[in-house]
Amino acid sequence: MFPRITNVRHIKEYCLAITFSDGLEAELDFHDRIVGRGGVFTTLEEEAYFRRVSVDPEARTIVWPNGVDFCPDVLYAEATGRPLPIKQTA
């Protein structure tokens, strides 16, 4: 399991500054994850709504008021360039 998210701050447009529990700070762009995807992501296309991101205290990942969240392991892997571990099947 990778570190969890402790802080998030909106930078501009669809870019967020994310701090992880190991102290790593990264700027990630969510444009391609949100724009044009439809469904629950439509609301996040509005920058004013996108800015309402926060850290869920239980899951320790980023979340919006409509319930959209992103896996903290995936975000950490992107921030560090480290791939997610592959689960071996027997």
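Residues numbered from 1 in each chain as written. Predicted model: local features only at pLDDT ≥ 70, side-chain atom pairs only at ≥ 80, totals over all residues. Heavy atoms only, no water.

J.: Can you walk me through the packing of aromatic side chains in this structure?
T.: Ring pairs (aromatic) are described by centroid distance and by the angle formed between their planes. Going through the model one piece at a time under the given rule, you end up with 8 aromatic pairs. Seen in terms of ring centroids, Phe-41 and Phe-70 are 6.2 Å apart; in terms of plane orientation they differ by 40 degrees. Their pairing is tilted. Of the two residues, Phe-41 sits in the loop between α1 (31-34) and α2 (47-50) while Phe-70 sits in the loop between β5 (62-63) and α3 (72-80), which places them 29 residues apart along the sequence. Summarising the burial analysis for this pair, Phe-41 and Phe-70 share the class buried. A centroid spacing of 5.4 Å and a plane angle of 35 degrees characterise the contact between Phe-50 and Trp-64, whose relative ring orientation is tilted. Taken as a pair, Phe-50 in helix α2 and Trp-64 in the loop between β5 and α3 lie far apart in primary sequence, 14 residues in all. Like Phe-50, the residue Trp-64 is buried in the burial classification. One aromatic cluster is present, formed by Tyr-14, Phe-30, Phe-41, Phe-50, Trp-64 and Phe-70 through successive ring pairs. Note that Arg-33 overlies the ring of Phe-30, its terminal NZ or CZ placed 5.0 Å from the centroid. (Phe/Tyr/Trp six-rings, centres within 6.5 Å; stacked < 30°, edge-to-face > 60°. Helix = DSSP H or I, 4+ residues; strand = E, 2+ residues; numbered from the N terminus. Buried < 20%, exposed > 50% of the residue type's maximum accessible area, 1.4 Å probe, protein only. Lys NZ or Arg CZ within 6 Å of the ring centre and 35° of its normal.)

All quantities given are derived from atomic positions and should not be read as evidence of function.
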